[in-house]
Amino acid sequence: MAADHATDDLVEIQQLLARYAVTITRGDIEGLLTVFTPDGTYSAFGDTYPLADFPALVAAAPKGLFLTGTPLVELAADTATGTQPLCFVDHATHDMRIGYYNDTYVRTADGWRLRTRAMTFIRRCGAHDSGRPHAFERPAV
């Protein structure tokens, strides 16, 4: 992969992840959905959620500021993996949650998109885990 092409890919992925942080902070669910592939998933709280569950999942989650760091990305042609640090600050209490996302990315006709995003929380005791069960509950089928 040529150095210029790799740099362009990294910048595009970084902008994609910035869009994730800004749209979820603003409560822009439509914008958030555009960051993922149609088969995209988010994993946390002991479960994996398909894109169709995102609106209800985000609605049930605490609101606040998503501060993300520069991701460490490993490119492999039209796919990539990455890890991005996160500090979430609750808007009402200013309590913080820290951790990191483990991601997979894919180049699509519309540019780079997240295929999977998995959250790992870092606890005060130093433990790393996927979080406690979430307020979101899937409707019974």
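The sections below set out a description of the structure shown in this document.

What counts and how
- Residues numbered from 1 in each chain as written.
- Predicted model: local features only at pLDDT ≥ 70, side-chain atom pairs only at ≥ 80, totals over all residues.
- Heavy atoms only, no water.
- Helix = DSSP H or I, 4+ residues; strand = E, 2+ residues; numbered from the N terminus.
- Rg over C-alpha atoms; globule rule 2.2 N^0.38 Å.
- Buried < 20%, exposed > 50% of the residue type's maximum accessible area, 1.4 Å probe, protein only.
- Contact = heavy atoms within 4.5 Å.
- Core = buried A, V, L, I, M, F, W, Y, C linked by side-chain atoms within 4.5 Å.
- Disulfide = S-S within 2.5 Å.
- Pairing = 2+ DSSP bridges.

**Section: the overall build of the protein chain**
Here's step 1: Counting its secondary structure elements, the protein chain contains three helices and eight strands.
Here's step 2: Its helices and strands taken in sequence order, the protein chain reads α-α-β-β-α-β-β-β-β-β-β from the N to the C terminus.
Here's step 3: The C-alpha atoms of the protein chain give a radius of gyration of 15 Å, which matches the 14 Å a tight globule of 141 residues would have.
Here's step 4: Oriented by its inertia axes, the alpha-carbon framework of the protein chain measures out at about 45 × 40 × 25 Å.
Here's step 5: A total of 141 residues make up the protein chain; the buried ones form 38% of that total.
Here's step 6: Restricting to contacts in the protein chain with at least 6 residues of sequence separation, those with at least 24 account for 49%.

**With respect to the environment of Met96**
Here's step 1: Mapped onto the elements of the fold, Met96 is located in strand β6 (residues 96-108).
Here's step 2: Look past the residues within four positions of Met96 in its chain and what remains in contact with it is Cys87, Phe88 and Val89.

**Re the nonpolar core**
Here's step 1: Counting 28 residues, the largest nonpolar core has Tyr20, Phe36, Tyr42, Tyr105 and Leu114 as its most contacted members.
Here's step 2: Mapped onto this core, the elements with two or more residues apiece are α1 (3-26), β1 (36-44), α3 (54-60), β5 (79-90), β6 and β7 (111-122).
Here's step 3: At six residues, α1 tops the list of elements feeding residues into this core.
Here's step 4: Apart from residues no more than four positions distant in its own chain, Leu114 is found in contact with Leu16, Leu17, Tyr20, Val35, Phe36, Thr37, Asp103, Thr104 and Tyr105.

**Points about the state of the cysteines**
Here's step 1: Under the criterion given, the structure shown has zero disulfides.
Here's step 2: Cysteine Cys87 remains unbridged, with the sulfur of Cys125 as its closest cysteine sulfur at 17 Å.
Here's step 3: Owing to a relative accessible area of 69%, Cys125 belongs among the exposed residues under this scheme.

**Concerning the pairing of β5**
Here's step 1: When strand β3 (residues 64-68) meets β5, the two strands line up antiparallel, connected through five bridges. In the strand pairing of β5, Leu65 is matched with Val89.
Here's step 2: Two elements, strand β4 (residues 72-76) and β5, share five bridges in a ladder whose sense is antiparallel. Counted as the bridge partner of Glu74 is Thr81 from β5.
Here's step 3: The hairpin turn running from β4 into β5, its antiparallel successor, is two residues long, and Ala77 in that turn takes a positive phi close to 60°.

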